[in-house]
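Summary of structural features
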Amino acid sequence: MGMIGPFVAVMFDGFAYGMLLFLISVGLSVTLGMMNFVNLAHGAFAMLGAYVTVTLMNNLGWPFLATLPLAFIVAGVVSVGFEQTLFRPLYRASDLDQVLLTIGLVFMAIAAVSYVFGTESQPINVPDYLRGFFTIGSASFAVYRIFLVVVALFVSVLLIVGLEYTRFGAQIRAAVDNQRMARGLGIDVNRIFAYTFALGSGLAGLGGALAIEVVGLDHSFALIYLIVMLIIVSVGGLGSISGSFVAAILIGISDTAGKYYFPYLGAFLIYLVMIAVLLWRPTGLFGRR
Amino acid sequence: MRKILVGLATVAAALSIGASANAAGTVKIGVVIPLSGQFADTGIQMRNGIQTYIKQHGDTVAGKKIELIIKDVGGINPPVAKRLSQELVVRDKVDILAGYVLTPNALAAGDVSKEANKFMVVMNAATAIITLKSPDMVRTSMTLPQSGDTFGKWAATKGGIKSCYTMVTDYGPGHDVEQAFIKAFTAAGGKIVGSVRFPVANPDFSAFVQRAKDLNPECIFIFVPGGTQPAAIAKAMAERGIDPTKTKILGTGELTGEQALEGMGKSALGILTAWHYDYKQDTKENKEFVKIHNELFKRNPDLFSLGGYDGMHAIYAALEKTKGNTNGKALVDAAKGLHWNSPRGPVWIDPETRDIVQTIYIRKVELVNGEPTNVIFDKVENVKDPVKEAMKKKK
């Protein structure tokens, strides 16, 4: 076996892992960068989506694909409830207040999940057509990872088109760039923010549901992936969707390639990448401030 | 950027603890286990095992009432484990220390047992050297080298395997089992074609599995802690076309635990493990254990429940021998040489090392009634901890 096959396979796996990270983190980038709110509970919405999928599949016998829209919707709707009642009063509060509230929510989410579902890991069985792999030349590609890439690219295109070319997208950009002016023009900024928040959390829920097959699921999900999410948002630059996209690919590939080519460095390489990027560009790759 | 730093700092600072106490005319047992955080499930199952034993055998031994004081250590946290154990001894005046799922915590608490002369029962932590920390300590779970060493020897001889690649999690127990496997495998004529250690927090295994696949070894030996990782690594192997019926996959029991098998589905078929327990084990004691455990907690026991259950047996049997005397030396002397029929099969406490001696079963995952199941097809009886046996020979 030559060097090319494994190289292609590692790059592809890293890219697919990056796509998963992108789905989970992009919402955090939006709330942090555009709405200026530190939502550490973002991972809890990803976890919520994942548990929606597990419950629908294992208790109600739904097919995997049918649970994915529900994971998106439930995470989005529940997050708006929190946004309206708990987060909104803190939009102008200090960073520390926001962090304390949202990290508290993470712990409440973990405790609630432990209470309802127990602390054991939650297995799912994806359908057979998403299992297995096929081979091109000397490189093999896992079907599930191809599926991940397709979903993530589809979502990215929708996001970019939605934000750049629709009226709603224009309103979001206006509300973010200059809130007072947007309000003056009659845009309901609060409502726009609620929709944006729901969208970001819904994507996290979708990402969480898709992540079960790759990384597994238990009650600590909300906290474990929070670190990676924050790394991606900081490397990509706050509030930048394309930044999150590039950062997620960068982190996904450097993590996978690092483990393949320098296994003794283990998972440390992504931190080196983060440090290097932030030394070079302190506001992240696509940061505006 | 400041927001992210505040966020990271808050996440890093996040940990918690909690518990309660009181008593008279009783034997107090202080139990230190993780009930929150990433390892919560292991502690919860151990507590379930302990309570199953008490339910089955009553809460009075040698005329004294058993009282549990349970403390949450929150995860891998040696200073907290030590402080909680100290508080249990000094403030709550416990007679016995028990629990200890994780090696670093058990090592830290060993000092407390030694200084306070308290009988200590390690109910899981499986690194070989732990029992050397205190002369008043016994272990009722297993040592990882028991499994690794037995499997290494078995693979190279009866298993007919000539070359192997090893993949273990990069922490104490992983190193222990890796060294034991490699030593026994090469001593019996096998050849190691490569080794890799992956980080403890490792969500995606694809790169490590790809590396193993490129070498195309005859067999891959794997150790991962339980939780979400066994299914994740098995799925990564299936995605890359590593088929356990062609490349032999060897592992410890965590790899094919109940939830792991559920998560893996058919991709688990053919995986070989060397281990001491499975909830489907066919013994009279196990059927009773599984039944009561299910009645109380609506789930099957696992190896942590078993460690807690057998740990309570060691405590009860020792207390009966001492007629309720809770002196550390008296209890540990009573525990030395104890024989009993555990749900896993016959076990005994080696009087020399105070460690458990047991049968290691060689199992293969096969479909039984449509469910992937660990089917026992060979066994090695009376396995002592190989690390301490080797130490003895050196002296």
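Before reading further, recall that the structure is shown in the block above.
A brief structural summary. Because the structure is predicted, anything quoted here is derived from the model rather than measured.

Quick notes on the overall build of chain A
Tallying secondary structure elements over chain A gives 11 helices and two strands in all. For chain A, the N- to C-terminal ordering of α and β elements is α-α-α-α-β-β-α-α-α-α-α-α-α. Here the C-alpha atoms of chain A give a radius of gyration of 19 Å, agreeing with the 19 Å that 2.2 N^0.38 yields for 289 residues. When its C-alpha atoms are laid out on the principal axes, chain A stretches across 65 × 50 × 35 Å. By residue count, 59% of the 289 residues in chain A fall in the buried class. Considering only contacts in chain A between residues 6 or more positions apart, those separated by 24 or more positions represent 75%. Summed over its atoms, the accessible surface of chain A is roughly 11800 Å², and 71% of this surface lies on carbon and sulfur atoms. In chain A, the 13 positive side-chain charges and the 12 negative ones have mean positions that sit 12 Å from each other.

With respect to empty space enclosed by the protein
Using a probe with the size of a water molecule, rolled over the atoms, empty space left in the structure can be pinpointed. Evaluated as defined, the whole model comprises seven cavities of 30 Å³ or more. For the largest cavity, the calculated volume is near 110 Å³. Along the wall of the largest cavity there are 17 residues; nearest its centre are Gln-122, Pro-123 and Gly-216 of chain A together with Thr-228 and Ala-231 of chain B. Sorting the residues of the lining of the largest cavity by element identifies α8 (189-215) of chain A together with α8 (229-239) and α9 (258-264) of chain B as the ones contributing at least two each. The residue makeup of the lining of the largest cavity, split by class, is eight nonpolar, seven polar and two charged. Taken as a whole, the second largest cavity spans an internal volume of roughly 80 Å³.

A short note on the packing of aromatic side chains
This structure, assessed with the given rule, holds 29 aromatic pairs over all chains. Consider the rings of Tyr-51 of chain A and Phe-117 of chain A, whose centres lie 4.5 Å apart with planes at 40°: the pair is tilted. Taken as a pair, Tyr-51 of chain A in helix α2 (residues 42-58) and Phe-117 of chain A in helix α4 (residues 95-117) lie far apart in primary sequence, 66 residues in all. On the basis of relative accessibility, which here comes to 3%, the residue Tyr-51 of chain A falls in the buried class. Classification of Phe-117 of chain A by relative accessible area gives partly exposed; the value is 25%. The interplanar angle of 25° and the centroid separation of 6.4 Å between the aromatic rings of Tyr-171 of chain B and Phe-223 of chain B together place this pair among those described as stacked. Taken together, the residues Tyr-171 of chain B in the loop between β7 (163-169) and α6 (172-187) and Phe-223 of chain B in strand β9 (residues 219-223) connect sequence positions 52 residues apart. Residue class for Tyr-171 of chain B comes out buried when judged on its relative accessible area of 19%. Exposure remark for Phe-223 of chain B: the relative accessible area of 1% places this residue in the buried category. The positively charged end of Arg-281 of chain A is found above the aromatic ring belonging to Trp-280 of chain A, 5.7 Å away from the centroid. Positioned above the aromatic ring of Tyr-260 of chain A, the side-chain terminus of Arg-211 of chain B is 5.9 Å from the ring centre.

Quick notes on the rules
- Residues numbered from 1 in each chain as written.
- Chains lettered and ligands numbered in written order.
- Predicted model: local features only at pLDDT ≥ 70, side-chain atom pairs only at ≥ 80, totals over all residues.
- Heavy atoms only, no water.
- Helix = DSSP H or I, 4+ residues; strand = E, 2+ residues; numbered from the N terminus.
- Rg over C-alpha atoms; globule rule 2.2 N^0.38 Å.
- Buried < 20%, exposed > 50% of the residue type's maximum accessible area, 1.4 Å probe, protein only.
- Contact = heavy atoms within 4.5 Å.
- Areas by Shrake-Rupley, 256 points an atom, 1.4 Å probe, with all protein chains shown as cover.
- Lys, Arg positive; Asp, Glu negative; His and termini not counted.
- Charge placed at Lys NZ, Arg CZ, Asp CG, Glu CD.
- 1 Å grid on protein atoms, 1.4 Å probe; cavity = no way out; pocket = protein on both sides within 12 Å on 5 of 7 lines; lining within 4 Å.
- Points joined across faces, edges and corners; volume = space filled by probe spheres on them.
- Nonpolar A, V, L, I, M, F, W, Y, C, P; charged D, E, K, R; others polar.
- Phe/Tyr/Trp six-rings, centres within 6.5 Å; stacked < 30°, edge-to-face > 60°.
- Lys NZ or Arg CZ within 6 Å of the ring centre and 35° of its normal.

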